[in-house]
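The lines below spell out each chain.
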2 protein chains.
Amino acid sequence: MSQRIAVDAMGGDDAPRVVVEALSFLDPDLLSRVVLVGVEDRVKGAVGAELGCPIVHASEVVAMGEPASQAVRKKKHSSIAVGVELVKSGEAGAFVSAGNTGAVMAYALYGLGRLPGIHRPAIAALFPTVEHKPCLVADVGANVDCKPEQLLQFATMGSIYYREVIGVKSPRVGLLSIGSEDEKGNDLTQKTLPLLRESGLNVIGNVEGRDVVSGQVEVVVCDGFVGNIMLKFGESLAMMILGALAAQIERSEQNGQNGSLKESFARLLKRVDYSETGGAPLLGVNGVCIISHGGSTPKAIANAIRAADQALQHNVNRHIIAEIGAPVVG
Amino acid sequence: MSQRIAVDAMGGDDAPRVVVEALSFLDPDLLSRVVLVGVEDRVKGAVGAELGCPIVHASEVVAMGEPASQAVRKKKHSSIAVGVELVKSGEAGAFVSAGNTGAVMAYALYGLGRLPGIHRPAIAALFPTVEHKPCLVADVGANVDCKPEQLLQFATMGSIYYREVIGVKSPRVGLLSIGSEDEKGNDLTQKTLPLLRESGLNVIGNVEGRDVVSGQVEVVVCDGFVGNIMLKFGESLAMMILGALAAQIERSEQNGQNGSLKESFARLLKRVDYSETGGAPLLGVNGVCIISHGGSTPKAIANAIRAADQALQHNVNRHIIAEIGAPVVG
């Protein structure tokens, strides 16, 4: 197989600049195997384009928000189409794109087809964990509604990827659910778990959202709807926490008070510590009922009690009864 | 309605100690309205029990892992049963528990029943956002498989709770999905969105996982399977980031090198920055295809190219073809 890597120069929010800049981070050997695919004039015009990668011209660009089916039908000469074609023809062994995900999926599916025996391709994402070893989650967006047999294949493909690329001999596989017991889950997970158990993979059973970061499981399978939501939520949550902290460090240093950092951190911790938010109201039962986390701290329980008090003071249930037949006007 | 708040003294991983400790954080007025429910001897034995709250005796305790249906059937005198009964009889206006969530749900549902017109109760959780104003997500675990009409009710109940308790007049409501366009989503969201749009609620349409922390939407509805996974994942991710940072601050201070904090932070940022992980392999297409985030940095694109190279070097597809008919032995 060709060891060349076709890279979509037109993919991403700030292409081709960002893509061309990316090349300066590569080792010479890897760089020598990169082929840029894109609108030639624009790629050559980007700063750093003198790095000397060959450019394969593509006359069209798929926009980020463009419907994938339309792009595939109408833009036969897009950078994605050309990049995929390079892989299909064997001129390149791999294609990389930061462009419209749905379009890359669609072009790859129609251009390259599926591997023999595969029902549906899946997008795998590597999540950071406390163990400094990632957790591979598949699918994170290629398939919104899945069948049990598809999840089984995601598990197999994910295990192979983890074993071969990350180098763990027999990666542990978990089925994303809402409890570790076999009977916990939705219709899809209940039908999938027996298939996984019979698969010969190193299946540890159901895992929860928290296990994705725990380092106790290497491969987590879920449908692309759940996986995509978790991925985007996680990215934003991490950035929110670190962004707030970075701003605080900046401010502290400007004031020459690095000592106050610990306090700032404590404040931040409080803000993102879910247990501090107290309890979750159980909406819809005929009475105020607040459910707290089993691992609640005393402060969290106190907050749960305050939440109960608030629900009482604000007569939430009376409002629900009054308005459920006639929802609130926005 | 009674303004008393029944608190499950036996609920939570370290009950009753934690629950009793919680009381010391309450204002005198609120404290004066708390009724502890639990095994009298054990509650009295907990340090701080001299705070003087009345204790209503309950002879049984529901264990954290105990199946809810079994608990409801067999433990008629559990602290949860007694607490719910206090609300039912009107002696208390609210019940708070950090115990077995499924059991609290079940006792509340059978003991209190649903509010008139409500199909299914939902658990609402308040997520932190960048705007210092929480995002209410419902459901986070009460209902794994939902119908569109149920999500509509979660939206209505969530809006009412947000409006009344948090005080935002017309909270924006979003339907959790995998893209903001109306046509994005799974079967459930596609059927739910039209109902939401006709509801009279302040519906902004589909929202993504990232919007939960963006502060751009006050109420997010989803089925309890997705919501529960997101909740547990978010808790753990936040704790992972902050835990790592706290350890680093501790170490830096021991070494008298607070100056190195910025470096540590940069390292941490790198670890949790998803964009740094590069690209997501599209598993199952007949060729190597790496999909990167549209907002990728040059480093991220470089990493995506490295990921493509790794998939090539490790012949992932050849393994998938070879093993998909006969999955890996664990």
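Residues numbered from 1 in each chain as written. Chains lettered and ligands numbered in written order. Predicted model: local features only at pLDDT ≥ 70, side-chain atom pairs only at ≥ 80, totals over all residues. Heavy atoms only, no water.

A. Seen up close, the overall build of chain A. Scanning chain A from terminus to terminus reveals 13 helices and 11 strands. Taking all 330 residues of chain A together, the buried fraction comes to 61%. A fraction of 61% describes how many contacts in chain A between residues 6 or more apart in sequence connect residues 24 or more apart. (Helix = DSSP H or I, 4+ residues; strand = E, 2+ residues; numbered from the N terminus. Buried < 20%, exposed > 50% of the residue type's maximum accessible area, 1.4 Å probe, protein only. Contact = heavy atoms within 4.5 Å.)

B. Spotlight on helix H7 (residues 148-166) of chain B. Residue and element names in this part refer to chain B. Taking 1.5 Å of rise per residue, 19 residues should cover 27 Å, and H7 covers 26 Å from first to last C-alpha, within 8% of that figure. Of all the 19 residues making up H7, 17 are buried; the element is thus mostly covered by neighbouring parts of the structure. Directly beyond the C-terminal end of H7, a positive phi value near 85 degrees is found at Gly167. (Expected span 1.5 Å × (residues − 1).)

C. Seen up close, the relation of the copies chain A and chain B. Superposing chain A onto chain B takes a rotation of 180 degrees combined with a translation of 0.0 Å along the rotation axis, leaving an RMSD of 0.1 Å. Interpreted geometrically, this transformation is the action of a two-fold axis. (Least-squares fit on C-alpha atoms with pLDDT ≥ 70 in both.)

D. Fine view of the pairing of strand S2 (residues 34-38) of chain A. A large share of S2(A) lies buried, amounting to 5 of its 5 residues. Here S2(A) shows two buried faces, one formed by Val34(A), Leu36(A) and Gly38(A) and the other by Val35(A) and Val37(A).

E. Representation of the interface of chain A and chain B. Chain A puts 157 residues into the contact, and the matching count from chain B is 157 residues. Summed over both partners, the interface of chain A with chain B buries about 14000 Å², with 72% contributed by carbon and sulfur atoms. Inspection of the chain A/chain B interface yields 4 salt bridges. Inspection of the chain A/chain B interface yields 20 residue pairs in polar contact (both at pLDDT 80 or more). Considering each element in turn, the side of chain A that touches chain B owes the most residues, 23 residues, to helix H10 (residues 224-254) of chain A. Across the side of chain A that touches chain B, the residue classes tally to 90 nonpolar, 45 polar and 22 charged. (Buried area = accessible area lost by both parts, 1.4 Å probe. Salt bridge = Lys/Arg side-chain N within 4 Å of Asp/Glu carboxyl O. Polar contact = N/O pair within 3.5 Å; in protein donor to acceptor, adjacent residues only side chain to side chain. Nonpolar A, V, L, I, M, F, W, Y, C, P; charged D, E, K, R; others polar.)

F. The pattern of salt bridges, seen in detail. Summed over all chains, the structure comprises 28 salt bridges over all chains. The partner of Glu21(B) in a salt bridge is Arg17(B), and the shortest N-O contact between them spans 2.2 Å. Here Arg17(B) and Glu21(B) lie together in helix H1 (residues 17-22), a separation of 4 residues that amounts to about one turn. With its nearest N and O atoms 2.7 Å apart, the salt bridge here joins Glu218(B) to Lys133(B). Here Glu218(B) is found in the loop between strand S8 (203-207) and strand S9 (219-221), whereas its partner Lys133(B) is found in the loop between strand S5 (122-127) and strand S6 (135-138), with 85 residues between them in sequence. Overall, Lys133(B) belongs to the partly exposed group, its relative accessible area being 26%. Residues joined by salt bridges that share partners form a network here, namely Asp14(A), Arg17(A) and Glu21(A).

G. Seen up close, the confidence of the model for chain A. All names here are of chain A. Per-chain confidence: chain A averages 86 in pLDDT, with 88% of residues scoring 70 or above. The lowest-confidence element of chain A is helix H11 (residues 261-272), averaging 66 in pLDDT; the highest-confidence one is strand S7 (residues 173-176), averaging 98. Both scores are available for the predicted complex, with the pTM at 0.86 and the ipTM at 0.84. (pLDDT = per-residue confidence, 0-100.)

H. Up close: the packing of helix H7 (residues 148-166) of chain A against helix H8 (residues 187-197) of chain A. Residue and element names in this part refer to chain A. One way to put it is that H7 packs onto H8 with a least axis distance of 9 Å and a crossing angle of 50 degrees. When the interaxial angle is binned, H7 and H8 end up oblique. As H7 runs across H8, the sense of the crossing is right-handed. Only Leu188, Lys191, Thr192, Leu195 and Leu196 of H8 make contact with H7, whose side of the interface consists of Pro148, Glu149, Leu151, Leu152 and Ala155. Of the residues in the contact of H7 with H8, the class split is 7 nonpolar, 1 polar and 2 charged. (Axes fitted to C-alpha atoms, helices over the stretch in contact; angles between N-to-C directions. Parallel < 35°, antiparallel > 145°, perpendicular 65-115°, else oblique. Left-handed = near helix turned anticlockwise from the far one by under 90°.)

I. Quick look at the state of the cysteines. Per the stated rule, a full pass over the model turns up 0 disulfides over all chains. The thiol of Cys135(A) is not disulfide-bonded; the next cysteine sulfur, from Cys222(A), is found 9.5 Å away. (Disulfide = S-S within 2.5 Å.)

J. Spatial organisation of helix H13 (residues 316-323) of chain A. Residue and element names in this part refer to chain A. All buried positions along H13 are accounted for by Val316, Asn317, His319, Ile320 and Glu323. Here the buried residues of H13 occupy an arc of 160 degrees about the axis, which is enough to place them on one side. The exposed set on the far side of H13, more than 90 degrees from its buried face, consists of Arg318 and Ala322. (Arc of directions from axis to C-beta.)

K. Spotlight on unusual backbone geometry. All names here are of chain A. Residues Ala15 and Pro16 are joined by a peptide bond in cis, for which omega reads 0 degrees. Following the sequence through the fold, Pro16 ends up in the loop between strand S1 (5-8) and helix H1 (17-23). Note the cis peptide between Ala138 and Asp139, where omega equals 10 degrees. You can see Asp139 is positioned in the loop between strand S6 (135-138) and H7. Unusually for a residue other than glycine, Asn315 sits at a positive phi of about 50 degrees. Structurally, the position occupied by Asn315 is in the loop between helix H12 (298-313) and H13. Exposure remark for Asn315: the relative accessible area of 24% places this residue in the partly exposed category.

L. Local environment of the side chain of Lys232(B). Position of Lys232(B) among the secondary structure elements: in helix H9 (residues 224-254). Apart from the residues lying within four places of it in its own chain, the contact partners of Lys232(B) are Ile178(A), Glu208(A), Gly209(A) and Arg210(A).

M. Main features of the packing of aromatic side chains. For the coordinates displayed, the defined rule picks out 3 aromatic pairs over all chains. Look at Phe127(A) and Phe233(B): their rings are 5.6 Å apart centre to centre, the planes differ by 75 degrees, and that puts the pair in the edge-to-face class. Of the two residues, Phe127(A) is situated in strand S5 (residues 122-127) and Phe233(B) in helix H9; the pairing between them involves two chains. The exposure classification of Phe127(A) matches that of Phe233(B), with both residues buried. An aromatic cluster is built from Phe127(A), Phe233(A), Phe127(B) and Phe233(B), whose rings are joined through pairwise contacts. (Phe/Tyr/Trp six-rings, centres within 6.5 Å; stacked < 30°, edge-to-face > 60°.)

N. Representation of the pairing of S5(B) within the structure. All names here are of chain B. Of all 6 residues in S5, 6 are buried; the element is thus mostly enclosed. What you see with S5 is no split at all: Ala122, Ala124 and Leu126 on one side and Ile123, Ala125 and Phe127 on the other are buried throughout. Two strands pair when backbone bridges link them, and S5 and S6 are joined in this way by 4 bridges, in the antiparallel orientation. The residue of S6 that forms the bridge with Ala125 is Val137. (Pairing = 2+ DSSP bridges.)

O. Broad picture of the side chain of Thr189(A). Structurally, Thr189(A) is set in helix H8. Residue Thr189(A) is classed as buried on the basis of its relative accessible area of 4%. Once residues lying within four places of it in the same chain are set aside, the contact partners of Thr189(A) are Leu175(A), Leu176(A), Ser177(A), Lys184(A) and Phe225(B).

P. Examining the packing of H13(A) against H7(B) more closely. The contact between H13(A) and H7(B) brings their axes to 9 Å, and the two run at 135 degrees. The pairing of H13(A) with H7(B) is recorded here as oblique in orientation. Regarding H13(A) and H7(B), the two cross each other, and that crossing is right-handed. Judged by residue contacts, Val316(A), His319(A), Ile320(A) and Glu323(A) of H13(A) engage Thr156(B), Met157(B), Ile160(B), Tyr161(B), Arg163(B), Glu164(B) and Val165(B) from H7(B). For the contact of H13(A) with H7(B), a count of residues per class yields 6 nonpolar, 2 polar and 3 charged.

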